[in-house]
Amino acid sequence: IQIGKHYFQKVMEMWQMVNKSSIFAEEYRVWHTPVISAYLFWRFATMYMSPGKGIKREAPSCILFFILGGILRQNALIKNYIIGRKTLITMLKAIKKSGDADLIDTIHNRIRETMSHTSQAIDIAVASGMLEWDFDKATLVPQKINSISGSAKFRDSKYFNRLVSIVENLAKMFSDVPSPSDLAALLKVRL
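The next subject is the pairing of strand β1 (residues 131-134). Two strands pair when backbone bridges link them, and β1 and strand β2 (residues 139-142) are joined in this way by four bridges, in the antiparallel orientation. Among the inter-strand pairings, D134 is bridged to a residue of β2, identified as T139. The turn joining β1 and β2, which pair antiparallel and follow one another in sequence, is formed by four residues; a positive phi near 55° is taken by A138.

Right under this line is the structure:
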């Protein structure tokens, strides 16, 4: 009977922990839907094409969206190495220096795990008019969109604004790499 009481008490403590953390799990689930990813992809493409150093950039290759989708699901990579970095090279150097090289090694698997989600997000972005396919170049071109309030910016969510900042930072990092195949090679992603 004593073992039963102890076991029951432990189960109840665990249930309370799960209920407390379920708020965060629910927030994660809500913000990581293909609809939200479609918006994030639009922000990524818009920032990717913004003129940097006076150079007009081409639209991002569809391959970049799959790489982005895999990276966005790797919280340790985002939290420890993407935020605050200006280039992909400085990010990779920091990862190697810290001994977390396995984070880079797992990006390829994350991309494979999120392919369906990424495809759905691209479909939604195209269907809603946020992105447009350029089939000749296999790129996704961001379109100008407005919300009811006259702006396409999302407001009132610190978590979501953080995601947007991360995506826009990755767009700047990705746009500095000459080609999608070079980016894939840097991140050890097999195309």
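So much for the structure itself; the text now carries on.
What follows covers the nonpolar core. Counting residues in each nonpolar core, the largest one holds 52 residues, and the members touching the most others are F44, I71, M91, L170, F174 and L187. The residues touching F44, leaving out its near neighbours within four places in the chain, are P60, L64, F65, L68, V167, L170, A171 and F174.

A separate point is helix α2 (residues 34-49). The terminal C-alpha atoms of α2, which comprises 16 residues, lie 22 Å apart, in line with the 22 Å expected from a rise of 1.5 Å per residue. Of all 16 residues in α2, 14 are buried, a share of seventy percent or more.

Overall, the prediction assigns the chain a mean pLDDT of 81, with 76% of residues at 70 or greater. This stretch, residues 1-5, has a pLDDT under 50; its non-local contacts, to residues over four places away or in other chains, come to zero contacts.

Here we come to the packing of aromatic side chains. Describing an aromatic ring pair means giving the distance of the ring centres and the angle of the ring planes. According to the stated counting rule, one finds six aromatic pairs in the structure shown. Ring centres of Y39 and W42 lie 5.7 Å apart, and the angle between their planes is 40°; on these two criteria the pair is classed as tilted. Taken as a pair, Y39 and W42 lie in helix α2 at a separation of three residues, close to a single helical turn. Y39 sits in the buried class, given a relative accessible area of 11%. The class of W42 is buried, set by a relative accessible area of 8%. Their ring planes at 65° and their centres at 5.3 Å tell us that F41 and F65 sit as a pair that is edge-to-face. Taken together, the positions of F41 in helix α2 and F65 in helix α3 (residues 62-72) put the pair 24 residues apart, joining distant regions of the chain. What links up through ring pairs into an aromatic cluster is the set F41, F44, Y48, F65 and F174.

On to the side chain of T118. Relative to the assigned elements, T118 resides in helix α8 (residues 115-127). Ignoring sequence-local partners within four residues, the contact set of T118 consists of F41, F65, F66 and G69.

Let us now look at the packing of helix α4 (residues 75-82) against helix α5 (residues 88-98). Following both chains from N to C, one finds α4 and α5 inclined at 105°, their axes separated by 10 Å at the closest point. For the element pair α4 / α5, the angle class is roughly perpendicular. Only M91, A94, I95 and S98 of α5 make contact with α4, whose side of the interface consists of L77, Y81 and I82. Of the residues that constitute the contact of α4 with α5, the class distribution is six nonpolar, one polar and no charged.

Rules of the game
Position numbers for residues start from 1 in each chain and track the written sequence from start to end. Local features in this predicted model are restricted to residues of pLDDT 70 or higher, and side-chain atom pairs are both shown and tallied only at a pLDDT of 80 or more, whereas totals for entire chains, interfaces and linings draw on every residue. To get the side-chain values, take all heavy atoms of the structure and skip hydrogens and water. Only when DSSP finds a minimum of two bridges between them are two strands counted as paired. Where helices and strands are cited, they refer to DSSP runs of H or I of at least four residues and of E of at least two residues respectively, numbered from the N terminus. Here the nonpolar core consists of buried residues drawn from Ala, Val, Leu, Ile, Met, Phe, Trp, Tyr and Cys, with membership extended through side-chain atoms lying within 4.5 Å. Think of it in three bands: residues with accessible area under 20% of the maximum for their type are buried, residues over 50% are exposed, and the middle band is partly exposed, with areas taken using a 1.4 Å probe on protein chains only. Any two residues whose heavy atoms approach within 4.5 Å are treated as being in contact. How far a helix is expected to stretch is found by multiplying one less than its residue total by 1.5 Å. Each residue carries a pLDDT score, the predictor's own confidence in it, on a scale running from 0 to 100. Under the pairing criterion, centres of Phe, Tyr and Trp rings, with the six-membered ring standing for Trp, must be within 6.5 Å; the plane angle then separates stacked pairs below 30 degrees from edge-to-face pairs above 60, leaving the rest tilted. Between N-to-C directions, angles cover 0 to 180 degrees, with each direction set by a line fitted to C-alpha atoms, over the stretch in contact for helices. Each angle is binned into one of four classes, with values under 35 degrees roughly parallel, values over 145 roughly antiparallel, values of 65 to 115 roughly perpendicular, and all other values oblique. Polar here means any residue other than Ala, Val, Leu, Ile, Met, Phe, Trp, Tyr, Cys and Pro, which are nonpolar, and Asp, Glu, Lys and Arg, which are charged; Gly is therefore polar.

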